[in-house]
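Notes for the structure review
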Amino acid sequence: MAHSVDFYDVLGVARDADDGEIKKAYRKLAMEHHPDRNNGDKASEERFKEITEAYEVLRDPEKRAAYDRYGIAGIRGRGPSGADSIHFDLSEALSVFMRDFGGLGGGFDAIFGGGQRTQRDRHRGQDLKVALKLTLAEVATGTQKSVRVRTLDRCPVCSGSGAKAGTRAVTCGTCRGTGEVRRNAQSIFGQFLTVSPCPTCGGDGTIVEKPCERCDGDGRVKAEKTVQIDVPAGVADHHYLTLRGHGVPGPRGGPPGDLIAVLDIKEDPRFERRGDDLVYDLPVSFTQAALGAEIDVPTPYGQSTLRIAAGTQTGSVHRIRGKGLPRIGEGGHGDLHVRVHVWTPTKLNAEQRRLLEQLSEVEGTPPAESTGKHLWEELKRALGI
Ligand SMILES: [Zn+2]
Ligand SMILES: [Zn+2]
């Protein structure tokens, strides 16, 4: 920017104006030309920078004296960092205004919430939620599932930019593509930095002058996709699996949200799940219980053989180590607890009846006290409940 202009003229003040007059004149002009009030209009932005530069020189007695005496040459290179202090970019100009006037009245929302979303957050696509149905066997071994999802995809015409073919989204001049405006502000707590979405581009960082006709400038189109989800072994019902970055892409090239799979584990009627442990009810015949036997028991990993001792009682619990579900994050597996029930036949053929009647003549009498309570205690002990 050329500085052939006179700083006093820029602010419209007399050469002998005092500090109060300079401040007042600047404030009035700044409120008028502030980019937040002019939708990023370039001419206003230039004017805002110009008046701020003039104000920053004239408000400082030392700089003002040098300027009065030597003109622009007198203050060049005297910025706080040794840099040329009179060339402000917009963010520096906004900082000056914030420092002395606290912005347009809403300048503090960054620290009081509301202005903290960065460009990344603002541009991020939505999370995509899917319900994932699993069987217990899939939980036991872990699995890979494919799910069809309705989502959005990058627009193939504009490659997600949102700009019409042959045109490009241009970098926003106000924020220089960052999507946010950082301002140094003074408060009773001292100086701090406020960050708010860029008023010119709404936080996009770019401005689409001619929107793509296919996606209307959004950069995304409707799509159906198949997503592969790796389900680790041992997951629990209603747990979530989060696949970072597999959600809906953000508008105009913004980062995608996450894919969240909510697990819906189908109950396996054979097993009762208690954390990593499983409980299975095993009916055995009277003779198996009385004589002992080797019996096949289902597990989530296939059949397993359980040996029950002679004299096994109803309700006794047998543990098959490691045949429960995998312990997620800890390694190892829970156990399968097999709860034995002696099954009483409801229909007897003639031979069975004859043999049982024969047995009844020689069998002993059961103990007086009920064993039911004792066996329930045993189950609770086995399960640690
Ligand atoms: Zn498009
Ligand atoms: Zn911007």
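Presented here is an overview of the structure given in this document. (Residues numbered from 1 in each chain as written. Chains lettered and ligands numbered in written order. Predicted model: local features only at pLDDT ≥ 70, side-chain atom pairs only at ≥ 80, totals over all residues. Heavy atoms only, no water.)

This next bit is on the packing of helix H3 (residues 42-58) against helix H6 (residues 90-101). Across the interface, H3 lies against H6 with an axial gap of 9 Å and an inter-helix angle of 55 degrees. If you check the angle between H3 and H6, you find them oblique. As H3 runs across H6, the sense of the crossing is left-handed. On H6, the residues touching Glu45, Phe48, Lys49, Thr52, Tyr55 and Glu56 of H3 are Leu90, Ala93, Leu94, Val96, Phe97, Arg99, Asp100 and Phe101. Of the residues belonging to the contact of H3 with H6, the class tally is eight nonpolar, one polar and five charged. (Axes fitted to C-alpha atoms, helices over the stretch in contact; angles between N-to-C directions. Helix = DSSP H or I, 4+ residues; strand = E, 2+ residues; numbered from the N terminus. Parallel < 35°, antiparallel > 145°, perpendicular 65-115°, else oblique. Left-handed = near helix turned anticlockwise from the far one by under 90°. Contact = heavy atoms within 4.5 Å. Nonpolar A, V, L, I, M, F, W, Y, C, P; charged D, E, K, R; others polar.)

With that settled, consider the sheet that holds strand E9 (residues 259-265). Sheet strands line up and pair through hydrogen bonds in the backbone, either parallel or antiparallel. Taken in spatial order, the three strands make up an open sheet running E1-E9-E8, and their pairing is mixed. Since the sheet does not close on itself, it has two edges, and those belong to strand E1 (128-134) and strand E8 (240-243), each with one partner. Neighbour-to-neighbour, the strand axes of the sheet open up by a mean angle of 25 degrees, direction not taken into account. Pairing of E1 with E9 involves seven bridges; the strand directions are parallel. The residue of E9 that forms the bridge with Lys129 is Ile260. (Pairing = 2+ DSSP bridges.)

Now for the layout of surface pockets. Looking at the largest pocket, its volume works out to about 410 Å³. Along its surface, the largest pocket is lined by Ser285, Phe286, Thr287, Val342, Trp343, Thr344, Pro345, Leu348, Gln352, Leu355, Leu356 and Leu359. Sorting the residues of the lining of the largest pocket by element identifies helix H9 (286-291), strand E15 (336-343) and helix H10 (350-360) as the ones contributing at least two each. At four residues, H10 tops the list of elements feeding residues into the lining of the largest pocket. Taken together, the residues of the lining of the largest pocket break down into eight nonpolar, four polar and no charged. (1 Å grid on protein atoms, 1.4 Å probe; cavity = no way out; pocket = protein on both sides within 12 Å on 5 of 7 lines; lining within 4 Å. Points joined across faces, edges and corners; volume = space filled by probe spheres on them.)

Further remarks concern the coordination of the zinc ion (ligand 1). Ligation of the zinc ion (ligand 1) by protein atoms is provided by Cys155 (SG), Cys158 (SG), Cys212 (SG) and Cys215 (SG), these donors lying 2.3 Å from the ion. Considering all four donor atoms around the zinc ion (ligand 1), the spread of angles at the metal, 103 to 117 degrees, places the coordination shape in the tetrahedral class. Going along the chain, you hit the donors of the zinc ion (ligand 1) in the pattern C-x2-C-x53-C-x2-C. One end of the pair, Cys158, is in the loop between strand E2 (143-154) and strand E3 (170-171); the other, Cys215, is in the loop between strand E6 (206-207) and strand E7 (220-231), and 57 residues separate them in sequence. Judged by its relative accessible area of 6%, Cys215 falls in the buried class. (Donors = N, O, S within 2.8 Å, 3.2 Å for Na, K, Ca; no water. Tetrahedral: all angles 85-135°; square planar, octahedral: opposite > 155°, others 65-115°. Buried < 20%, exposed > 50% of the residue type's maximum accessible area, 1.4 Å probe, protein only.)

Structurally, Asp258 can be placed in the loop between E8 and E9. Between the C-alpha atoms of Asp258 and Thr242, which are 16 residues apart in sequence, the distance is 6.5 Å. The residues contacting Asp258, other than those within four sequence positions of it, are Arg124, Gln126, Asp127, Leu128, Thr242, Leu243, Arg244, Gly245, His246 and Gly247. In this structure the side chain of Asp258 is engaged in a polar contact, spanning 3.2 Å, whose partner is the side chain of Arg124. (Polar contact = N/O pair within 3.5 Å; in protein donor to acceptor, adjacent residues only side chain to side chain.)

Before going further, it helps to examine the coordination of the zinc ion (ligand 2). Around the zinc ion (ligand 2), the protein contributes the donor atoms Cys172 (SG), Cys175 (SG), Cys198 (SG) and Cys201 (SG), at 2.2 to 2.3 Å from the metal centre. For the zinc ion (ligand 2), the four donor atoms in the first shell make angles of 105 to 113 degrees at the metal, a pattern classed as tetrahedral. Positions of the donor residues of the zinc ion (ligand 2) along the chain correspond to the pattern C-x2-C-x22-C-x2-C. Of the two residues, Cys172 is situated in the loop between E3 and strand E4 (180-187) and Cys201 in the loop between strand E5 (190-197) and E6; the sequence distance between them amounts to 29 residues. You can call Cys201 buried: its relative accessible area is 9%.

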